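# Residue-level structure breakdown
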Amino acid sequence: MSARSFQGELQIPRRHVVVFCDDAFGPQSERWIDLIPDGRHRILPVFDGGFDAAHPACRPRVEAFFDAHSTRFDRASTLVVPGGEMAKNDPQVVESVLASIHAENICRQSFVAIFGGGAVLDAVGFAASIAHRGVKVLRFPTTTLAQDDAGIGVKNGVNHHNEKNWRGVFSVPTAVVNDFSLLATLSARDWRSGFSEAVKVALLKDAGEFERLEQDAEAIARRSEPESQRAIVRSAELHWQHIVEGGDPFEDEIARPLDYGHWSAHRLERLTQGELKHGEAVAIGLGIDAALAVELGRSTPDFQRRVLSVLHKFGFTLDHPQLDDPSELFVGIEQFRAHLGGALVLTLVAEPGVSFDIHDADFASISGAIERHRSMVRTLQV
Ligand SMILES: NC(=O)c1ccc[n+]([C@@H]2O[C@H](COP(=O)([O-])OP(=O)(O)OC[C@H]3O[C@@H](n4cnc5c(N)ncnc54)[C@H](O)[C@@H]3O)[C@@H](O)[C@H]2O)c1
Ligand SMILES: [Zn+2]
């Protein structure tokens, strides 16, 4: 009788490489070009339209660079896609990337080189990972949030059914190249947005880093380079460590610690139809979750005040009219539960570096937390 069942471990090793530099297309290009497998590869540059408009010199320079390195790269025509959340809301963006991949003969050994904010990285990365069941990706993140969080993530996706990231896949890029010089043109709001994620990951994993952010927040808000770059690198490293060393890179477990503050942030982004940017919504979400830990008797108002104060120093607005109706926000809990697969696990923080999970969140505690959040925010603003 022959065996009728088979089982074994699949080993699928991946390297997750993140490189920082000041000028990825000058002498520092060696830092990332050596990561490309030997041989000549077809490469399709895809640019975030908002970044392209703000940095008109970048695209021709990148194209000239790939042409000058023609022993390594065979450049396809650059595609420019709309920047911002539109890239994830409009299915045409994914379609246009798939069309370019097809028309430009991008195969599984070719590269899509993505220049953009977190939204464009998510949407174009998604298209690249479904074409031919995955073509290779180089990421060149162009926002603070993309450099310190989104570009490090191994999630790619777009919004669907009026929900964030409903359609998506996990895949690991060949390299993430964080070039600080690309950040110079960010608006004040987009500059600030990356630092709520830095606060988030510090609260979860590194009390010393949280203290450092408390000290440096004003300098970072002024865009002082040493403090800003240090904070971006550390946030990227903490996100990277979680993925590479945390034991659950593709989120098979239900718990999703890096989504601290996100159940309400994702809901707020939707309720405000994108008027709140992701990082701005995360700042409010962190405040609400800090208040929730107090509401549940697991943390102290002192901790809540520290969280709100550091976010306030970065310049975040921590209240929003959408918080008037807690029942609208509460829907975010149900959506998060559904997204996790039916069982709710919310990671909260009791004090910097100390987190805990809860498995239920009733309406009374959520509305109590929102009220607690808003009343402490009012004391910050006087
Ligand atoms: N995949 C992940 O793990 C992960 C993690 C965190 C966040 N995200 C996603 O990232 C997105 C938010 O990303 P974001 O904060 O980078 O915002 P964004 O991508 O929406 O970009 C913000 C704006 O800045 C413009 N822009 C980009 N670079 C610029 C530059 N250098 N100069 C001037 N303008 C520039 C864009 O065109 C856009 O209008 C959300 O969709 C969020 O869900 C994904
Ligand atoms: Zn986020």
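Residues numbered from 1 in each chain as written. Chains lettered and ligands numbered in written order. Predicted model: local features only at pLDDT ≥ 70, side-chain atom pairs only at ≥ 80, totals over all residues. Heavy atoms only, no water.

## Some words on the coordination of the zinc ion (ligand 2)
Under the convention used in this document: As a rule, N, O and S atoms within 2.8 Å of a metal are its donors, except that Na, K and Ca use 3.2 Å; water is not among the atoms, so sites may look incomplete. Helix and strand labels come from DSSP, where a helix needs a run of H or I of at least four residues and a strand needs a run of E of at least two; each type is numbered from the N terminus. Each residue is placed in one exposure class: buried if its accessible area under a 1.4 Å probe, protein chains only, is under 20% of its type's maximum, exposed if it is over 50%, and partly exposed if it falls in between.
Bound to the zinc ion (ligand 2) are the protein donor atoms Glu197 (OE), His262 (NE2) and His278 (NE2), situated 2.0 to 2.1 Å from the metal. Along the chain, the residues donating to the zinc ion (ligand 2) are arranged with the sequence spacing E-x64-H-x15-H. Of this pair, glutamate 197 sits in helix 8 (residues 188-205) while histidine 262 sits in helix 11 (residues 262-271), and the two are 65 residues apart along the sequence. Each member of the pair, glutamate 197 together with histidine 262, is buried.

## A word on the site of ligand 1
Stated precisely, the cut-off is as follows: Nearness of a residue to a molecule or strand requires only that one of the residue's heavy atoms be within 4 Å of it. Polar contacts, as used here, are pairs of N or O atoms within 3.5 Å; protein pairs need one atom able to donate a hydrogen and one able to accept it. Residues neighboring in sequence count only if both atoms are side-chain atoms. Polar here means any residue other than Ala, Val, Leu, Ile, Met, Phe, Trp, Tyr, Cys and Pro, which are nonpolar, and Asp, Glu, Lys and Arg, which are charged; Gly is therefore polar.
Close to ligand 1 lie 25 residues, the nearest being Asp48, Glu85, Gly118, Thr143 and Thr185. In this structure, lysine 164 approaches ligand 1 through a side-chain N or O atom, which is 2.9 Å from an oxygen atom. In this structure, a nitrogen atom belonging to ligand 1 sits 2.8 Å away from a main-chain N or O atom of leucine 182. Tallied by class, the residues present in the shell around ligand 1 amount to 7 nonpolar, 10 polar and 8 charged.

## Topic: the packing of aromatic side chains
The geometry of an aromatic ring pair is captured by the separation of the ring centres together with the interplanar angle, meaning the angle of the planes. The test is simple: Stacked, tilted and edge-to-face are the three classes assigned to paired rings of Phe, Tyr and Trp, where Trp is represented by its six-membered ring and a pair needs centres within 6.5 Å; plane angles under 30 degrees give stacked, over 60 edge-to-face, the rest tilted. The rule for a charge over a ring is simple: NZ of Lys or CZ of Arg within 6 Å of the ring centre, and within 35 degrees of the ring normal.
Enumeration over the complete set of coordinates arrives at 18 aromatic pairs. Ring centres of phenylalanine 47 and phenylalanine 51 lie 6.1 Å apart, and the angle between their planes is 25°; this geometry places the pair in the stacked category. As far as the burial class goes, phenylalanine 47 and phenylalanine 51 line up, both buried. Measuring from centroid to centroid gives 5.9 Å for phenylalanine 65 and phenylalanine 66, while their planes differ by 75°, and the two rings are edge-to-face. Of the two residues examined, phenylalanine 65 and phenylalanine 66, each falls in the buried class. An aromatic cluster is present here, built from Phe25, Trp32, Phe47, Phe51, Phe65, Phe66, Phe73, Phe115 and Phe140 joined pairwise through their rings. Taking the ring centre of phenylalanine 356 as reference, the NZ or CZ of arginine 298 above it sits at 4.0 Å.

## Regarding the packing of helix 12 (residues 278-295) against helix 13 (residues 301-314)
To keep things clear, this is the line we draw: All axes here are fitted lines through C-alpha atoms, helices being fitted over the stretch that makes contact, and every angle between N-to-C directions spans 0 to 180 degrees. Any angle from 65 to 115 degrees is called roughly perpendicular, while one under 35 is roughly parallel, one over 145 is roughly antiparallel, and all others are oblique. The contact criterion used throughout is that any non-hydrogen atoms of two residues lie within 4.5 Å.
Contact geometry of helix 12 with helix 13 gives a least axis separation of 9 Å together with a crossing angle of 175°. The orientation of helix 12 with respect to helix 13, classified from their angle, is roughly antiparallel. For the pair helix 12 and helix 13, the contacting residues are Ala283, Leu286, Gly287, Ala290, Ala291 and Val294 in the first and Pro301, Phe303, Gln304, Val307, Leu308 and Leu311 in the second. Looking at the contact of helix 12 with helix 13 residue by residue, the classes come out as 10 nonpolar, 2 polar and no charged.

## Examining the domain arrangement of the protein chain
Going by this rule: Source of the domain bounds: an automatic or database domain assignment. Throughout, buried area stands for the accessible area (probe radius 1.4 Å) lost by two parts on being put together, summed over both. Definition used for salt bridges: Asp or Glu carboxyl oxygen within 4 Å of a side-chain nitrogen of Lys or Arg.
Under the domain assignment, the protein chain is made up of domain 1 (18-183) and domain 2 (188-381). For domain 1 and domain 2, the distance between their C-alpha centres works out to 27 Å. With 23 residues of domain 1 in contact, the opposing surface of domain 2 contributes 29 residues. A combined buried area of about 2,200 Å² lies between domain 1 and domain 2, and 63% of that area is made up of carbon and sulfur atoms. Its largest share of buried area at the contact with domain 2, domain 1 owes to Thr144, Asp148 and Lys164, together 27% of the area lost on that side. Joining domain 1 to domain 2, the criterion identifies 3 salt bridges. The tally of links from domain 1 across to domain 2 stands at 10 residue pairs in polar contact (both at pLDDT 80 or more). Sorting the residues of the side of domain 1 that touches domain 2 by element identifies strand 1 (18-21), helix 7 (144-150), strand 7 (155-160) and strand 8 (163-170) as the ones contributing at least two each. Per element, the largest residue contribution to the side of domain 1 that touches domain 2 is 5 residues, and it comes from helix 7.

## Points about the pairing of strand 5 (residues 111-116)
Keep this limit in mind: Two strands qualify as a pair provided that DSSP identifies no fewer than 2 bridges between them. Look down the strands so they point away from you; if going from the first strand over the helix to the second traces a clockwise path, that crossover is right-handed.
Of all 6 residues in strand 5, 6 are buried, a share of seventy percent or more. Neither face of strand 5 is exposed, since Phe111, Ala113 and Phe115 on one face and Val112, Ile114 and Gly116 on the opposite face are all buried. As defined by bridge partners, strand 2 (residues 41-48) adjoins strand 5 across 5 bridges and the pair is classed as parallel. Residue pairing for strand 5: valine 46 is matched across the bridge by isoleucine 114. Two elements, strand 5 and strand 6 (residues 136-141), share 6 bridges in a ladder whose sense is parallel. Considered in strand 6, the bridge of valine 112 is made with valine 137. Read as a crossover between parallel neighbours, the route from strand 5 over helix 6 (residues 118-130) to strand 6 is right-handed.

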